[in-house]
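Understanding the architecture of this molecule
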Number of protein chains: 2
Amino acid sequence: MLPPQLSRRDLLTMIGALAGSEAMYQAMTTLGFAQESPYKGPIKLDGDPKGASVLVLGGGLAGMVAAYELSKVGYKVQVLEYREKAGGRCWSLRGGDNYTELGGFEQECKFDEGLYINPGPWRIPYHHHAVLDYCKRLGVKLEAFVQVNHNAYLHSVKAFEGKPQRYRHVSADFNGHVAELLSKVTKQGGLDQAVSTEDREKLLEALQSWGALDENYAYVAGTHSSERRGFDIEPGGGQMPLAKPSQPIGLSDIVQSGLWSSLSTGSLYDFQTTMLQPVGGMDMIARAFEREVGSLTKYNVKVTEIDQDDESVTIRYEDARKGGEAQTATADWCICTVPFSVLSQIKTKVSTKTKAAIDNLPYGAAIKVGLQFKRRFWEEDEHIYGGITYTDLPNTLISYPSTDYHSPGKGVLLGAFSLEAWAYEFTSLPPEERIQKALEYGAQIHPQYKDEFDNGVAVGWHRVPWTLGCYGEWTEEKRKEHYHAASSIDGRIAMAGEHISYMPAWMEGAILSSLDAIGRLHQRVVSG
Amino acid sequence: MLPPQLSRRDLLTMIGALAGSEAMYQAMTTLGFAQESPYKGPIKLDGDPKGASVLVLGGGLAGMVAAYELSKVGYKVQVLEYREKAGGRCWSLRGGDNYTELGGFEQECKFDEGLYINPGPWRIPYHHHAVLDYCKRLGVKLEAFVQVNHNAYLHSVKAFEGKPQRYRHVSADFNGHVAELLSKVTKQGGLDQAVSTEDREKLLEALQSWGALDENYAYVAGTHSSERRGFDIEPGGGQMPLAKPSQPIGLSDIVQSGLWSSLSTGSLYDFQTTMLQPVGGMDMIARAFEREVGSLTKYNVKVTEIDQDDESVTIRYEDARKGGEAQTATADWCICTVPFSVLSQIKTKVSTKTKAAIDNLPYGAAIKVGLQFKRRFWEEDEHIYGGITYTDLPNTLISYPSTDYHSPGKGVLLGAFSLEAWAYEFTSLPPEERIQKALEYGAQIHPQYKDEFDNGVAVGWHRVPWTLGCYGEWTEEKRKEHYHAASSIDGRIAMAGEHISYMPAWMEGAILSSLDAIGRLHQRVVSG
């Protein structure tokens, strides 16, 4: 055991300092910290920046993290932000919000008070340590985000005559059939080459338990299977009717349905329990950062040119609302978090290599549609509390709110979250028609849509003026060619944002990229 | 489609009324309500009770539901409750609460403000429609209860040298190995008899997707498996170190570990997502009922005799704190929710058959230990937000709070929840030593226990004076022999409670049994 006065973390720090990172990694394994996160806790920027100044372009999470950390250690920081508020893609739409997209479509969100959608990021994996640590330090309250709901649906227009199936039915039956098939083979000697006798016995035991097989290792209607998939008539009290087991779906129907393709969602490292969300909307994170760095931020700034020489960086910009007179800002250094989709349209003085990176990163398209309904029929009629229904219709999913269960008023669903081709298809329509499309698709799963729809809002990310796309979409080839240049400090300019990371589209990627950029920039400043 | 003015529920009610329950069940299937809950929404007690009076024995959920519903339709109701407050097993322990168990051990709970444990029920399945509907009607706020946490542990003293394993490692590796084995057999023709050619192709596709197999249908270290089990070095931002996949545990180690026995928890119908809990403690449900029926309740009542004749029921009782003079209460009818473990010790005038039922129902033993720690180290050090760690040590589990994530103060874990033999073992010790035992076991999983422990509280249900056990433990044989008598109205007395249900130990069982009992009682009253 460790001496009680020394925490495991203390010990690791000590080992790291005394014996280097390899020894520390060994020790982490021994102590059960085998997994190494790139986030090592609050960044330490030792050494005096000697009054150096930094211009941060973009007041999204990457920009605000840079501003927050750099200003804390003595940098003179100014943030230039295109919009009238900070946050970037960390954004929530609420009743009263207006949003004008590229092309001029204007929408007013008409949700009831307290209801919202997050057009951008909407859930936080438990291992996104940087996001979570900032939430903690800045006092952003968190609650569970329900990713998988066994009572939500899996739906395919090509399976079960288009009738949605409860997740629990597909899941229990898939597991059950797989367990039964493998049990049979095991007992018939089909694994004698691959698995030792001793392991075979245990494997059978495991398959029976995990797959809800009966005493003959069969997956059939009965108590075992119904205790996974649910009963046709559920157990009751007093002298209510006796419980009646339900009938599993056959193996062939399950495999041919293709619905199994959604079964692994909740097993994916990025979507496993426990996922989290800020109480009240994702932009609570943006607001928390804004409380810290809002005073350093100039809003409604449209950058028109980024210039640099050996001494400094000069930004030319105009008022994003009114245009007019060009203004300039100058600093020793620049953290540029402008998405490459936008930056490629701004005159920027960087090396040829960096410019090639900027010009060659395609951005993913995405659309989200939020739908307000007159009542929470998914809870009232269908007992769906949070979670996600998956469909092969172009809306791809319906996500139910993970909060305010049973609230008596209206409710908002995420009625579509579509990428690429489907996103373009949606966005080719005016917002009202996008909403109609989402309703049409959703009504195939929830017929209540027709009676209960109230109003909606639709955000197509490739039409969002300040991003012109949803996230940097690196291919393996593009990474090889451009990532090093994109992530290297070019003269006096360092890029940051989700696109300068190995976790594009995630807030964690944006924050880690920012921490890495300011860490390297600071090194240069203090050693310069 | 349905005519828009008619909800599916309206339609079902109409079909039920016009064509009977069989037709309604058919229609439910057609309309996607295939599953029938014994709870049909708020109970309708039509007809005039003509001033009939009812004594309700026990102010737990069953008793309060009876009092609430009967008083609403005109019955004169009085509840007699043993304790100084209502709720029964629906109970939360908070700082300042005192609790004296049978035998005299007294405990004062010393948790910080806002922290609690639920010694009794602690989670609500989404299909416990009666509980949830009462929560809705009575304004009890709900939040998600995290049952499965992929970052919590599975632990066996006999496996991996006693080192706890992350749930995600065991789960991903079990699925991966099962998928790989079955894929191999499928490709080698081992399923040619059992599965059609067409289905085999699809099955392979499904196994690859579900099991995270690589392009050769192998489950090996790499991106696919690490996207389930996590990476040794996680992806980062900027120029942070590159991600490094993790090494799966071998098939033999997984099956021999026995840890797979906990993998199905989250697939069980009773523990599937989305589970819920009241915000602030389970007794928020009790408090909500008490607001409705507290004025009908006489507290600190120890029933000493239950008598009845053709006309009425007479209860003899004394003050539960001071004893003293015997008092009586009389009514036309009685709903008795006293657990049989206690009722068997009270002189009760019922038929021989009912008496046999009362005397022959064993009660399950259970213990829970709540532990307050100086900080939420499970979140800070180990990134565990809610959920449950399972162990084969006698404490059986450690449950992490599903709420107030990141709260900076102290935190409370459920440090033991043990049944039967282990519960007796715990309870044979004085409370302080039970807590020490829970600490000793838990420290094998969380070494931080030693430094961070603050205080604790331990409730052994077989020593709780007002229940003398945790729940009615029906065997199949006992049910056959005694359940009908136990659930039949005996003269003027109807039994209710979780023990008069097919879902013992659940609040839903208690409520359904109460609704069934008062429904039948009311029938008798109005037709009498």
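Fair warning: this is a prediction, and the values are worked out from it, not measured in the lab.

This part covers the pattern of salt bridges. All names here are of chain A. Scanning the entire structure with this criterion turns up 52 salt bridges over all chains. The residue Asp 392 makes a salt bridge to Lys 158 at a minimum N-O spacing of 3.9 Å. In this pair, Asp 392 is assigned in the loop between β19 (387-391) and β20 (397-400) and Lys 158 in the loop between β8 (153-155) and β9 (165-166), connecting sequence segments 234 residues apart. Classification of Asp 392 as partly exposed rests on a relative accessible area of 26%. On the basis of relative accessible area, Lys 158 is assigned to the exposed category, the value being 74%.

With that settled, the discussion passes to the packing of aromatic side chains. Throughout the structure, instances matching the rule amount to 47 aromatic pairs over all chains. Between Tyr483(B) and Tyr502(B) the ring centres are 4.8 Å apart and the planes differ by 55°, which places this aromatic pair in the tilted class. Highlighted residues: Tyr483(B) in helix α15 (residues 476-487) and Tyr502(B) in the loop between β24 (493-495) and α16 (507-527), separated in sequence by 19 residues. Looking at Tyr483(B), the relative accessible area reads 5%, which means it is buried. Clustering of aromatic rings is evident, with ring pairs tying together Phe373(A), Phe377(A), Trp378(A), Tyr400(A), Tyr449(A) and Phe453(A).

Note that Tyr405(A) resides in the loop between β20 and β21 (411-419). Placed 251 residues apart in sequence, Tyr405(A) and Leu154(A) show a C-alpha to C-alpha distance of 22 Å. Residues in contact with Tyr405(A), not counting those within four places in the same chain, are Val146(A), Arg376(A), Glu379(A), Tyr385(A), Gly386(A), Leu142(B), Glu143(B), Ala144(B), Thr274(B) and Leu276(B).

Right, let's get into the confidence of the model for chain A. Of all residues in chain A, 93% have pLDDT values of 70 or greater, and the mean over the chain is 94. Note on residues 24-33 of chain A: pLDDT is under 50 here. Beyond four places in sequence and across chains, it has 25 contacts.

Quick look at the interface of chain A and chain B now. Taken residue by residue, the interface counts 102 residues in chain A and 101 residues in chain B. Across the chain A/chain B interface, buried area totals approximately 9,400 Å², and carbon plus sulfur atoms make up 58% of it. The interface formed by chain A and chain B includes 40 residue pairs in polar contact (both at pLDDT 80 or more). Considering only residue class, the side of chain A that touches chain B consists of 43 nonpolar, 35 polar and 24 charged.

Quick look at empty space enclosed by the protein now. Summed over the entire model, instances satisfying the criterion amount to seven cavities of 30 Å³ or more. Within this model, the largest cavity holds a volume of roughly 650 Å³. Lining the largest cavity are 36 residues, and of these His150(A), Gly266(A), Val148(B), His150(B) and Gly266(B) lie nearest its centre. Sorting the residues of the lining of the largest cavity by element identifies β7 (142-145) and α4 (167-187) of chain A together with β7 (142-145) and α4 (167-187) of chain B as the ones contributing at least two each. When its residues are assigned to classes, the lining of the largest cavity shows 18 nonpolar, 18 polar and no charged. The space that makes up the second largest cavity amounts to roughly 290 Å³. Contributing to the lining of the second largest cavity are 19 residues, with Tyr116(A), Gln277(A), Pro401(A), Ser402(A) and Val412(A) lying nearest its centre. Taken together, the elements giving at least two residues each to the lining of the second largest cavity come down to β6 (116-117), β20 and β21 of chain A. Considering each element in turn, the lining of the second largest cavity owes the most residues, three residues, to β21(A).

Scoring rules and cut-offs
Residues numbered from 1 in each chain as written. Chains lettered and ligands numbered in written order. Predicted model: local features only at pLDDT ≥ 70, side-chain atom pairs only at ≥ 80, totals over all residues. Heavy atoms only, no water. Salt bridge = Lys/Arg side-chain N within 4 Å of Asp/Glu carboxyl O. Helix = DSSP H or I, 4+ residues; strand = E, 2+ residues; numbered from the N terminus. Buried < 20%, exposed > 50% of the residue type's maximum accessible area, 1.4 Å probe, protein only. Phe/Tyr/Trp six-rings, centres within 6.5 Å; stacked < 30°, edge-to-face > 60°. Contact = heavy atoms within 4.5 Å. pLDDT = per-residue confidence, 0-100. Buried area = accessible area lost by both parts, 1.4 Å probe. Polar contact = N/O pair within 3.5 Å; in protein donor to acceptor, adjacent residues only side chain to side chain. Nonpolar A, V, L, I, M, F, W, Y, C, P; charged D, E, K, R; others polar. 1 Å grid on protein atoms, 1.4 Å probe; cavity = no way out; pocket = protein on both sides within 12 Å on 5 of 7 lines; lining within 4 Å. Points joined across faces, edges and corners; volume = space filled by probe spheres on them.

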